[in-house]
Structure formats: C-alpha cells, structure tokens
Amino acid sequence: MIIASSAFSDQSIYQALQRENLPMIVMDQKTETDMVDAVQADNYDGGKQAALYLQELGHKKAAVVLPENPTVNVRKRYEGFASVYGDELLVVNGELSTSGGQGAVKKIINSDITAIFAINDLIAFGLYMGLKEAGKKIPNDYSVVGFDDISPCGYVTPPLTTIAQPTFELGQEAAKMLMGRLNSPQKEPEEKMLPVKLVQRFSVMPLK
C-alpha cells in the first residue's frame, strides 16, 4: 500500500499492515518510525526558500500560518522558514483550510509584519479572502507565499507565489519503491527526498 494521508501516524498504520504482512510506502508523511519505506518532498528546504525570497525582497518581519499541532512534513516547512527569520517571525495558528487562513487575518493586521508564509495554498486562499474583507490588498499591503502549487494558484488574483511540490515524481517514486519492496521483501527500508522549487507569480512585492 502507498499511504498519502496525514490522518494517521505511520507507526499505527505500520503496525496494522505488519499484522497482515502487507508492504507499505509512506508518501510525504514520514514521521515516527524508520521501519518503512518513504518518499518525500524536501519540506524544510521549501520553507527556507520561501523565507530567503521574502528576505531578499526587503521583508524584515514575517508571519507564518500553520496548525497548532502540525504533522511532521508541515512542521519541517515551518522550521525551514524559521531558520531564516528567527525572532522576527510571528506564528499564527490556523487549520490547513481556507477558514484557517481567514481566521488568522485579525492577528496579522494587528502586527507590524509585511509578509506571510501560508504553510499550504488553502491557507493562502483564506488569507486572500480575509485580507480583502479587512480592506487590505495583496501584495500592496501584504506579500503572501503559499506551499504546494495546487492548480488554483494561477487563477486567483493576484496569482499566488508558492513552493511547488513534485507531485508527479512523488507518485512515480512511490510506485517504483513499492515494486522494489514487492520484489525484495527483506531489504532494508529506503527513504528518498525530492527537491521542491519556488514558483514566482504576483503575490509578493519588493520593499527595496
């Protein structure tokens, strides 16, 4: 089985599948055990890329919106971003949804930040709605960077700058890894890390 869900820990899934003697590949959700194969995107580097980009454009203070108890891949995005901004980072809790982004707006507009890192694109879309309701404009008032590069990113106004995950390659590598596991059930667990990239659109404004 290829597991691409964040609803369960991979440890609990592993234990259940082990009882059934079924091979398992975890896709972008490697968490609590080294006993399973995993293929994942470099979430830490993605967060760092987003922060460096904003910093290079003159944004000295930024906010990040993420859940209170994030999964490991989401936490890695935050850690990468925080490695650049450090104490100049405002952390705002919000669920991985448009409502999570909308709900974060009040805390953001009461701060002195100029840029926002949405830990996924759905949060970013919620920020778009919430900031518009508050009479603020993107990127004139706040620059926004998302994560995932889902298809609506190019259709919102302004089109969203985001970190693109290699979704096709993640699926492809997971399938290859599963075939390898089926052919060699006793081999040591394997882990592959795939690169992510910044996709520049029009939701970020330089301050210099």
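Preceding this paragraph is the structure being described.
In what follows, the accompanying structure is described. (Residues numbered from 1 in each chain as written. Predicted model: local features only at pLDDT ≥ 70, side-chain atom pairs only at ≥ 80, totals over all residues. Heavy atoms only, no water.)

At a minimum axis separation of 6 Å, helix α4 (residues 98-109) and helix α5 (residues 121-133) run at an interaxial angle of 50°. By the criterion of interaxial angle, the relationship of α4 to α5 is oblique. In the packing of α4 onto α5, the handedness of the crossing is right-handed. Across the interface between the two elements, Thr98, Gly101, Gln102, Ala104, Val105, Ile108 and Ile109 of α4 pack against Leu122, Ile123, Phe125, Gly126, Leu127, Met129, Gly130, Leu131 and Glu133 of α5. (Axes fitted to C-alpha atoms, helices over the stretch in contact; angles between N-to-C directions. Helix = DSSP H or I, 4+ residues; strand = E, 2+ residues; numbered from the N terminus. Parallel < 35°, antiparallel > 145°, perpendicular 65-115°, else oblique. Left-handed = near helix turned anticlockwise from the far one by under 90°. Contact = heavy atoms within 4.5 Å.)

It is worth spelling out helix α6 (residues 167-183) at this point. Look at α6: 25 Å from first C-alpha to last across 17 residues, which is about the 24 Å you get at 1.5 Å a residue. Within the sequence span of α6, burial applies to Leu170, Glu173, Ala174, Met177, Leu178, Gly180 and Arg181. Down the axis of α6, the smallest arc covering the buried residues is 160°, so these residues share one side. Exposed side chains of α6 directed beyond 90 degrees from the buried face belong to Phe168, Met179 and Asn183. (Expected span 1.5 Å × (residues − 1). Buried < 20%, exposed > 50% of the residue type's maximum accessible area, 1.4 Å probe, protein only. Arc of directions from axis to C-beta.)

As a packed pair, helix α2 (residues 43-56) and helix α3 (residues 72-85) sit with axes 6 Å apart at the nearest point and diverge in direction by 35°. When the axes of α2 and α3 are compared, the crossing they make is right-handed. Between α2, through Asn43, Tyr44, Gly47, Lys48, Ala50, Ala51, Leu52, Leu54 and Gln55, and α3, the contact on the second element is made entirely by Asn73, Lys76, Arg77, Glu79, Gly80, Phe81, Ser83, Val84 and Tyr85. Its residues assigned to classes, the contact of α2 with α3 shows 8 nonpolar, 6 polar and 4 charged. (Nonpolar A, V, L, I, M, F, W, Y, C, P; charged D, E, K, R; others polar.)

On to the sheet that holds strand β1 (residues 2-3). Pairing within the open sheet is parallel, and its 4 strands lie in the order β1-β2-β3-β9. Every other strand in the sheet has two partners, leaving β1 and β9 (191-194) as the edge strands with one partner each. Alignment of strand β3 (residues 37-41) against β9, held across 4 bridges, turns out to be parallel. Across the sheet, residue Gln40 finds its bridge partner in β9, namely Met193. In the packing of α6 onto the sheet, contacts are made with β1, β2 (25-27), β3 and β9, and the angle to β3 comes to roughly 170°. (Pairing = 2+ DSSP bridges.)

So, on to the packing of aromatic side chains. Following the criterion strictly, the structure yields 3 aromatic pairs and no others. Look at Phe81 and Tyr85: their rings are 5.2 Å apart centre to centre, the planes differ by 20°, and that puts the pair in the stacked class. Of this pair, Phe81 and Tyr85 both sit in helix α3, 4 residues apart, which is roughly one turn of the helix. Both residues of the pair, Phe81 and Tyr85, belong to the buried class. Between Phe117 and Phe147, the ring centres sit 6.4 Å apart and the planes meet at 55°, which makes this aromatic pair tilted. Of this pair, Phe117 sits in strand β6 (residues 115-118) while Phe147 sits in strand β7 (residues 143-148); the two residues are 30 residues apart in sequence, bridging distant segments of the chain. (Phe/Tyr/Trp six-rings, centres within 6.5 Å; stacked < 30°, edge-to-face > 60°.)

Right, let's talk about the side chain of Asn73 for a bit. As for its placement among the helices and strands, Asn73 is situated in helix α3. Here Asn73 falls in the buried class, since its relative accessible area comes to 7%. Residues within four places of Asn73 in sequence aside, it is in contact with Asp28, Gln29 and Asn43.

Close approach of charged atoms allows side chains with opposite charge to pair. Counted according to the given criterion, the structure contains 9 salt bridges. Notably, a salt bridge pairs Asp149 with Arg201, separated by 3.0 Å at the nearest N-O pair. One end of the pair, Asp149, is in the loop between β7 and β8 (161-164); the other, Arg201, is in the segment after β10 (197-199), and 52 residues separate them in sequence. According to the relative accessible area criterion, Asp149 is partly exposed, its value standing at 26%. Notably, a salt bridge pairs Lys187 with Glu190, separated by 3.6 Å at the nearest N-O pair. With relative accessibility at 29%, the residue Glu190 sits in the partly exposed group. Here the salt bridges share partners, and the residues they tie into one network are Arg75, Lys76 and Glu79. (Salt bridge = Lys/Arg side-chain N within 4 Å of Asp/Glu carboxyl O.)

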